[in-house]
Amino acid sequence: MVRHITVAVAMIPMLAGCGSPQDANQPAASASAIASAAPVNYGNATPAKTKPFKATPVASFDTPWALAFLPDRRMLVTEKPGRLWLVTATGQKQQVSGVPTVHFEGQGGLLFVAVSPTYAQNAQVYLTYSEPGEGGDGLALARATLDTSGAQPALKDLQVVWRQLPRGKGGQFGGYIAFSPDGRYLFLTSGERQRFTPAQDPDQALGKILRLTLDGKPAPGNPGAGKTGSTTVGIIDPPENTGAAAKAPVRKATMPAPNLTPAETWSTGHRNPYGLAFDAEGRLWETEMGPQGGDELNLIEPGRNYGWPLVSYGKNYDDTPIASHSRDPRFQQPALYWNPIIAPAGLAFYYGSMFPQWRGSAFVGGLASTALIRIAFDGTTPREAERWDMGARIRAVMAGPDGALWLLEDGSDGRLLRLTADRAG
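Keep in mind the model is a prediction, meaning the values are calculated, not measured.

**Let's talk about the environment of Leu 299**
Considering the arrangement of structural elements, one finds Leu 299 in strand β20 (residues 295–300). With 34 residues separating them along the chain, Leu 299 and Gln 333 place their C-alpha atoms 9.0 Å apart. Excluding residues that lie within four positions of it along the chain, Leu 299 makes contacts with Arg 283, Leu 284, Trp 285, Tyr 306, Ala 335 and Thr 380.

Below you can see the structure in the form of structure tokens.
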């Protein structure tokens, strides 16, 4: 799917959809259902004194962002500056050629990597990254064939199957991928690029979770299936806070028809979604970075509006307030939240045999909290069960096919760690 836009500078009012908490394509959430599930704040949880695992360094990377396991148990690891590595379980590394050009700056760069559900048939993998272009950059989703037959592994026949347009300024790209349990659909998180209001604009794929076919088209059965949006949208640069966003100068941009955003959207009102995973019951969960406070774990349901930037359990970075979730029943409450923040990055459910006591738990990496966090569940009610200080910013967490937990540290010398059971602990 290729989209192009033209942009003209103008002072126009924010699109009506930007300020609407519930657009016509979304069923209204039940106020009683939301109010009855008031979330618990785990922001002040303290790390456990001992760790029931051994952390073994396997390899090091320059600003790693994500990892994915191939069927033969080798891994693909992305580095934000634009490199992709094929890595063995013992730490041997080969750089993969054919990676697309990325805009590496701030929160942008080469982001997520995921192995297609059809990999056994076609060796396809997916990448997300900040793609440079006219007007700035935007999140891109690409698919390619991984060729490991030669001396150097390579991505071949790379195709961008989805683009976030219009391009512009701002970080918070999102870019996490999860495949539906039946392997037929791809869920993609798209951050609001630090612009606030587009998260409530049904015509822009910012602050949304999208549900796509494996070739990047709107998936059938989406809440807005068959609908198209306006081809004229408003772009703003990242403003100071939520109040300034509502009054920010808007540039008018024209997108090619049809604008498929309404048909692609699964849920709306997200800030910076940095974790996405299905549990064994087929429920979709998301971790989301709040502003100053208010990091969230969300149970994602189709057509729901999760409220950003109109409500939050945090406040703006300049201490100006944001209305609380608890005061507005129109929006879906988080399942739990963290204030102070943990800065969640990565989300993985565990069903392995190495840690049988943790089966059914989810694990979340913490950047600001330098922590690994275990989430236990009673049905759809989660709780933070354990937290361990890892001594470094944790960028990614995955459950490996060997039963171990695998972590990536953030930073210019971020390590790949394998967590195994400490039988003596």
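**Let's talk about the sheet that holds strand β19 (residues 284–289)**
Pairing in this open sheet of five strands is mixed, and the strands run β2-β21-β20-β19-β18 from one edge to the other. A strand with exactly one partner marks an edge of an open sheet, and here the two such strands are β2 (40–41) and β18 (272–278). One ladder, built from three bridges, connects β20 with strand β21 (residues 336–338); its direction is antiparallel. Residue pairing in the sheet places Asp 295 in a bridge with Trp 338 of β21.

**Examining empty space enclosed by the protein**
The final tally for this structure, using the stated rule, is two cavities of 30 Å³ or more. Within this model, the second largest cavity holds a volume of roughly 60 Å³. Residue classes in the lining of the second largest cavity are distributed as five nonpolar, four polar and three charged.

**Describing the environment of Lys 169**
Relative to the assigned elements, Lys 169 resides in the loop between β11 (154–163) and β12 (174–179). Along the backbone, Lys 169 and Ser 97 are 72 residues apart, and their C-alpha atoms lie at a distance of 28 Å. Those residues in contact with Lys 169, other than ones at most four positions away along the chain, are Arg 193, Arg 195, Asp 237 and Pro 238.

**A closer look at the pattern of salt bridges**
Overall, the coordinates contain 18 salt bridges when judged by the stated rule. Ionic pairing is found between Glu 301 and Arg 304, a salt bridge with its closest N-O pair at 3.4 Å. By relative accessible area, which is 26% here, Glu 301 ends up partly exposed.

**Focus on the layout of surface pockets**
What the largest pocket holds in volume is close to 810 Å³. For the lining of the largest pocket, the elements supplying multiple residues, two or more each, are β4 (64–69), β8 (110–115), β12, β18, β22 (344–349) and β26 (394–399). Per-class residue counts for the lining of the largest pocket are 25 nonpolar, three polar and one charged.

**Some remarks on the sheet that holds β22**
Within the open sheet, the four strands sit side by side as β22-β23-β24-β25. Their pairing is antiparallel. The open sheet has two edge strands with one neighbour each: β22 and β25 (381–389). Along the sheet, successive strands turn relative to each other by an average axial angle of 25°, direction set aside. Examined bridge by bridge, strand β23 (residues 362–366) and strand β24 (residues 371–378) share five bridges and lie antiparallel to one another. The residue of β24 that forms the bridge with Gly 365 is Leu 372.

**Some remarks on the side chain of Glu 79**
Summarising the element assignment, Glu 79 is placed in strand β5 (residues 75–79). Looking at Glu 79, the relative accessible area reads 2%, which means it is buried. Of note is the side chain of Glu 79, whose polar atom sits 3.1 Å from the side chain of Trp 85. Apart from residues lying up to four places away in sequence, Glu 79 is in contact with Phe 61, Asp 62, Thr 63, Pro 64, Trp 85 and Leu 110.

**Looking at the side chain of Glu 264**
In this structure, Glu 264 sits in helix α4 (residues 261–264). Within the structure, Glu 264 has its side chain in polar contact with the side chain of Trp 162 (distance 3.3 Å).

**Thoughts on the pairing of β20**
On a regular strand, each side chain points to the face opposite its neighbour's, so the side chains alternate between the two faces of the sheet. Extensive coverage of β20 is indicated by the burial of six of its six residues. By the alternation rule, side chains of β20 split into Asp 295, Leu 297 and Leu 299 and Glu 296, Asn 298 and Ile 300, which are all buried. Sheet analysis places β19 next to β20, joined by five bridges and oriented antiparallel. Each bridged residue has a counterpart across the sheet, and for Leu 284 the counterpart in β20 is Ile 300. Hairpin connection between β19 and β20: a loop of five residues separates the two successive antiparallel strands, and Gly 293 in this loop has a positive phi of roughly 95°.

**So, the confidence of the model for the chain**
Of all residues in the chain, 91% attain a pLDDT of 70 or more, and the chain-wide mean is 91. Per-element averaging of pLDDT across the chain places strand β1 (residues 6–8) at the bottom with 35 and strand β14 (residues 208–213) at the top with 99. Throughout residues 1–35 the model reports pLDDT below 50, and contacts reaching past four residues in sequence, or to other chains, amount to 95 contacts.

**So, the UniProt feature "domain: Glucose/Sorbosone dehydrogenase" (unreviewed entry) in the chain**
Taking the numbering used here, the UniProt-annotated feature "domain: Glucose/Sorbosone dehydrogenase" (unreviewed entry) corresponds to residues 61–230 and 263–418. Its end C-alpha atoms 43 Å apart, residues 61–230 is made of 2% helix and 45% strand.

**Points about the packing of aromatic side chains**
This model, assessed by the stated rule, comprises 18 aromatic pairs. Centroid distance Phe 53 to Trp 388: 5.3 Å. Interplanar angle 80°. Geometry classified as edge-to-face. Pair noted here: Phe 53 is in strand β3 (residues 53–61) and Trp 388 is in strand β25, with a separation of 335 residues, a long-range link. We note that Phe 53, like Trp 388, is buried. Considering the side-chain rings of Trp 65 and Tyr 176, the 5.2 Å spacing of their centres and the 50° angle between planes classify their relative orientation as tilted. Remark: Tyr 176 occurs in strand β12 and Trp 65 occurs in strand β4; sequence separation between them is 111 residues. You'll find Trp 65 and Tyr 176 in the same group, each marked buried.

**Observations regarding the nonpolar core**
Grouped together as the largest cluster of nonpolar side chains are 55 residues, with contacts concentrated most on Leu 76, Leu 141, Ile 177, Leu 186 and Leu 188. Those residues within four positions of Leu 186 in sequence are excluded, and the remaining contacts are Tyr 126, Leu 141, Ile 177, Ala 178, Phe 179, Leu 210, Arg 211, Leu 212, Thr 213 and Leu 214.

About the cut-offs
Residues numbered from 1 in each chain as written. Predicted model: local features only at pLDDT ≥ 70, side-chain atom pairs only at ≥ 80, totals over all residues. Heavy atoms only, no water. Helix = DSSP H or I, 4+ residues; strand = E, 2+ residues; numbered from the N terminus. Contact = heavy atoms within 4.5 Å. Pairing = 2+ DSSP bridges. 1 Å grid on protein atoms, 1.4 Å probe; cavity = no way out; pocket = protein on both sides within 12 Å on 5 of 7 lines; lining within 4 Å. Points joined across faces, edges and corners; volume = space filled by probe spheres on them. Nonpolar A, V, L, I, M, F, W, Y, C, P; charged D, E, K, R; others polar. Salt bridge = Lys/Arg side-chain N within 4 Å of Asp/Glu carboxyl O. Buried < 20%, exposed > 50% of the residue type's maximum accessible area, 1.4 Å probe, protein only. Axes fitted to C-alpha atoms, helices over the stretch in contact; angles between N-to-C directions. Polar contact = N/O pair within 3.5 Å; in protein donor to acceptor, adjacent residues only side chain to side chain. pLDDT = per-residue confidence, 0-100. UniProt positions renumbered as here; feature names shortened; annotations may be inferred. Phe/Tyr/Trp six-rings, centres within 6.5 Å; stacked < 30°, edge-to-face > 60°. Core = buried A, V, L, I, M, F, W, Y, C linked by side-chain atoms within 4.5 Å.

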